[in-house]
Amino acid sequence: MPPPLWIQNNMPTLLRPSLLLLTSIYHFFMTILEVIFIERKPWLLFNLTKLRYKSFARLWTKNGEEMSIEMPGPLTELLSTCKGVVLDIGPGSGEILSRFNADQITAMYGAEPAEDLHAGLIRNAQRTGFREKYHALLCGGEPESLIPALYRSGILQISGRAGLASDGVFDEICCVRVLCGVPHPQETINGLYSLLKPGGRMVICEHVANPWRTEGRFLARLMQILYTLLGWPFFMGGCELNRHTVDHLREAGAWDKIDLKYYGPQDSIPFVVGELVKTGGKSYAEVLKE
Ligand SMILES: C[S@@+](CC[C@H](N)C(=O)[O-])C[C@H]1O[C@@H](n2cnc3c(N)ncnc32)[C@H](O)[C@@H]1O
């Protein structure tokens with residue numbers, strides 16, 4: 001006898017994250033074994049942050065490509081129109097680089113803190129035509145890590161026109177599946193806002209807390225809490241299911257345009273995809289026309 005219709009309709013979307021959670025637990029334990037028996041660096045076990053990045057990098061190296069085949073909403077269209085000097089927060093091993101048009105990008109900076117993903121990132125940057133235009137930075141998107149790395153890269157200068165973080169230096173900043181894992185999200189997003197030029201655009205594709213009061217559903221919100229209690233953030237490299245990213249983005253500063261929509265709002269991992277254009281300067285449409 002087939003299970004009742006309600007179970008058939010609801011269980012797949014609600015339980016799908018449990019597969020990912022089990023996979024990430026497996027990779028965490030495999031990472032511990034590798035660190036002890038293959039790398040022979042057992043002292044790394046005492047650096048939990050590094051160990052968790054390593055374990056997430058292992059998961060992403062094995063599954064990232066498959067998890068990037070289908071992306072929600074109009075992400076591909078949004079990324080394909082990026083131009084100028086672009087900052088990509090948490091590019092991983094560059095699975096989504098092929099969705100950009102490298103020809104219309106002057107320089108691309110990728111802020112990726114997981115060292116183990118950099119070889120793949122640089123390989124994918126070469127493969128997708130970025131070549132010397134791609135700058136892989138070993139840092140996170142949070143200001144205390146990102147700003148020193150940008151200084152070291154030379155794009156931020158101590159003084160001089162358009163060289164200060166407060167002036168805004170990037171035409172576009174892309175956050176794809178990463179703001180769920182950055183520390184102190186409001187401060188981090190404020191920092192990204194100030195790095196954006198006036199009239200610059202932020203492209204967003206992020207999973208967020210289920211909007212159960214509006215278009216989401218309470219059961220999916222409960223499942224997010226359950227997965228969190230089962231250790232989702234620990235095993236998934238700091239990724240949190242409960243983030244109110246849209247509120248943080250709105251509060252970061254003044255925007256001329258906010259166009260964000262939910263995709264899969266009834267799921268336990270609903271996404272928000274779209275773009276925000278910073279107030280001031282030319283409008284994004286004017287820049288595109290030039
Ligand atoms: C789910 S993967 C997404 C990768 C890529 N953006 C994509 O969508 O294909 C999340 C990435 O964010 C990185 N990450 C984790 N914490 C971060 C932080 N504080 N700042 C920037 N990136 C971070 C991870 O190492 C990982 O590469």
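Residues numbered from 1 in each chain as written. Predicted model: local features only at pLDDT ≥ 70, side-chain atom pairs only at ≥ 80, totals over all residues.

All right, on to the overall build of the chain then. Of regular secondary structure, the chain possesses 10 helices and 7 strands. Against the compact-globule benchmark of 19 Å for 290 residues, the chain has a radius of gyration of 19 Å, which places it among compact chains. For the chain, the spread of C-alpha atoms along the principal axes amounts to about 65 × 50 × 35 Å. Expressed as a percentage of its 290 residues, the buried residues of the chain come to 41%. The contacts in the chain between residues at least 6 apart in sequence include a share of 70% that link residues at least 24 apart. (Helix = DSSP H or I, 4+ residues; strand = E, 2+ residues; numbered from the N terminus. Rg over C-alpha atoms; globule rule 2.2 N^0.38 Å. Buried ≥ 20, exposed ≤ 12 C-beta atoms within 10 Å, placed from the backbone. Contact = placed C-beta atoms within 7 Å.)

Let's shift gears to the pairing of strand β3 (residues 134–137). In the sheet, strand β2 (residues 105–111) pairs with β3 via 4 bridges, with the strands oriented parallel. Note that in β3 the partner of M108 across the bridge is Y134. (Pairing = 2+ DSSP bridges.)

Turning our eyes to something else, we now look at the site of the ligand. Taken together, 24 residues lie near the ligand, and G90, G92, A114, G140 and G141 sit nearest. Classifying every residue of the shell around the ligand by side-chain character gives 12 nonpolar, 8 polar and 4 charged. (Near = placed C-beta within 6 Å. Nonpolar A, V, L, I, M, F, W, Y, C, P; charged D, E, K, R; others polar.)

The next point concerns the UniProt feature "transmembrane region" (unreviewed entry) in the chain. UniProt tags residues 20–38 as "transmembrane region" (unreviewed entry). Between the first and last C-alpha atoms of residues 20–38 the distance is 25 Å; the span itself is 100% helix and 0% strand. (UniProt positions renumbered as here; feature names shortened; annotations may be inferred.)

This part is about the sheet that holds strand β6 (residues 255–263). Here 7 strands make up an open sheet; going across it, the order is β3-β2-β1-β4-β5-β7-β6 and the pairing mixed. The open sheet has two edge strands, β3 and β6, and neither has a second partner. Recorded for the sheet is a direction-independent mean angle of 15° between the axes of neighbouring strands. (Axes fitted to C-alpha atoms, helices over the stretch in contact; angles between N-to-C directions.)

To continue, consider the pairing of β2. A regular strand places its side chains on the two faces of the sheet in alternate fashion. Note: strand β1 (residues 84–89) against β2, 6 bridges, orientation parallel. Directly across from D88, in β2, lies its bridge partner G110.

As a further point, take the nonpolar core. L79, L87, I173, C174, C175 and I204 are the most contacted members of the largest nonpolar core, which totals 71 residues. Dropping the residues within four chain positions of it, L87 is found in contact with Y109, A111, F170, I173 and L195. (Core = buried A, V, L, I, M, F, W, Y, C linked by C-beta atoms within 7 Å.)

What follows covers helix α6 (residues 185–195). Among all positions of α6, only P185, T188, I189, G191, L192, Y193 and L195 are buried. Among the structural elements, β1, α5 (143–153), β4 (170–176), β5 (196–207), α9 (245–251) and β7 (271–278) are those in contact with the buried residues of α6.

So, on to the environment of S55. Mapped onto the secondary structure, S55 falls in helix α2 (residues 48–63). Look at S55 and you get buried, because 27 C-beta atoms sit within 10 Å. Other than its neighbours up to four places away in sequence, S55 contacts H27, F28 and T31.

As for its placement among the helices and strands, G110 is situated in strand β2. Since 27 C-beta atoms lie within 10 Å of it, G110 is described here as buried. Sequence separation between G110 and P91 is 19 residues, and the spatial gap between their C-alpha atoms is 5.9 Å. The contact partners of G110, leaving out residues within four places of it in the chain, are D88, P91, L121, Y134, A136 and L137.

So, about the environment of S93. Along the chain, the position of S93 falls in the loop between β1 and β2. By C-beta crowding, S93 is classed as buried, having 22 other C-beta atoms within 10 Å. When the C-alpha positions of S93 and E112 are compared, they lie 8.7 Å apart, and in sequence the two are 19 residues distant. Leaving out residues up to four positions away in the same chain, S93 has contacts with W60, T61, G64, L117, G120, L121 and N124.

Not every positive phi belongs to a glycine, and R40 is a case in point at roughly 55°. By the element assignment, R40 lies in the loop between α1 (5–38) and α2. The class for R40 is exposed, based on 9 C-beta atoms found within 10 Å.

The periodicity of an α-helix, 3.6 residues per turn, causes residues three or four positions apart to be oriented the same way. If you check helix α7 (residues 218–229), its first and last C-alpha atoms are 17 Å apart, about what 12 residues at 1.5 Å a residue would give, namely 16 Å. Among all positions of α7, only A220, M223, Q224 and Y227 are buried. Viewed end-on, α7 has its buried residues packed into an arc of 105°, placing them on one side of the element. Those residues of α7 that are exposed and aimed more than 90 degrees away from the buried face are F218 and L229. Once α7 finishes, G231 follows within two positions and takes phi at roughly 105°, a positive value. (Expected span 1.5 Å × (residues − 1). Arc of directions from axis to C-beta.)

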